[in-house]
Amino acid sequence: MCPSPANRCVTPTSSVPVTPAPAPATKKAPVRKTPTRKPPQYGYQCRDGDELKYDVCAGHKAWVDGQREFTDCLDGGGTWDQAAQRCVRP
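Topic: the side chain of Asp50
With respect to the helices and strands, the residue Asp50 is situated in the segment before helix 1 (55–75). At 2.3 Å, the side chain of Asp50 forms a polar contact with the side chain of Arg37.

Shown next as structure tokens:
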């Protein structure tokens, strides 16, 4: 019998013991995301491999390669043919 109608009584219908709910699984460590960098706006901001992704880097790499070709020509005893844009070796 219930103490009062406001306190509703619940009569157990079975004798099965109630087991507590399993504890929540432990949280995994959050996956750390590597920050993405902004696309380069100028050639000096490019990294190796960027010439395949960004036009500004492709242009900068072509310019740098040209500068290296020019200096290697002069350092190697050649002269630079301005009209043909190539090295002339004696």
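Let's talk about the packing of aromatic side chains
Under the criterion given, the structure shown has two aromatic pairs. Plain terms: the ring middles of Tyr42 and Tyr44 are 6.1 Å apart, the flat faces sit at 5° to each other, and that makes the pair stacked.

Here we look at the state of the cysteines
In total, this model carries two disulfides according to the counting rule given. Sulfur-sulfur distance for the disulfide between Cys46 and Cys57 comes to 2.0 Å. The disulfide joining Cys46 to Cys57 has a torsion of about -90° about its S-S bond and is therefore left-handed. Here Cys57 lies in helix 1 and Cys46 lies in the segment before helix 1, a separation of 11 residues in the sequence. By relative accessible area, Cys57 is classed as buried at 2%. Bridging Cys73 to Cys87, the disulfide has an S-S length of 2.0 Å. Looking down the S-S bond of the Cys73 and Cys87 bridge, the torsion is 80°, so its handedness is right-handed. Placement of Cys73 in helix 1 and of Cys87 in strand 2 (residues 86–88) is noted, with a sequence separation of 14 residues between them. Residue class for Cys87 comes out buried when judged on its relative accessible area of 18%.

Digging into the pattern of salt bridges
Applying the stated rule across the entire model yields two salt bridges. Arg37 is the partner of Asp50 in a salt bridge, and the nearest nitrogen-oxygen pair spans 2.3 Å. Of the two residues, Asp50 is situated in the segment before helix 1 and Arg37 in the segment before helix 1; the sequence distance between them amounts to 13 residues. A residue is classified by how much of its surface remains accessible, and Arg37, at 31% relative accessible area, is partly exposed. The shortest N-O distance in the salt bridge between Asp65 and Lys61 comes to 3.0 Å. In this pair, Asp65 and Lys61 both sit in helix 1, four residues apart, roughly one turn of the helix.

Calculation criteria
- Residues numbered from 1 in each chain as written.
- Predicted model: local features only at pLDDT ≥ 70, side-chain atom pairs only at ≥ 80, totals over all residues.
- Heavy atoms only, no water.
- Helix = DSSP H or I, 4+ residues; strand = E, 2+ residues; numbered from the N terminus.
- Polar contact = N/O pair within 3.5 Å; in protein donor to acceptor, adjacent residues only side chain to side chain.
- Phe/Tyr/Trp six-rings, centres within 6.5 Å; stacked < 30°, edge-to-face > 60°.
- Disulfide = S-S within 2.5 Å.
- Buried < 20%, exposed > 50% of the residue type's maximum accessible area, 1.4 Å probe, protein only.
- Salt bridge = Lys/Arg side-chain N within 4 Å of Asp/Glu carboxyl O.

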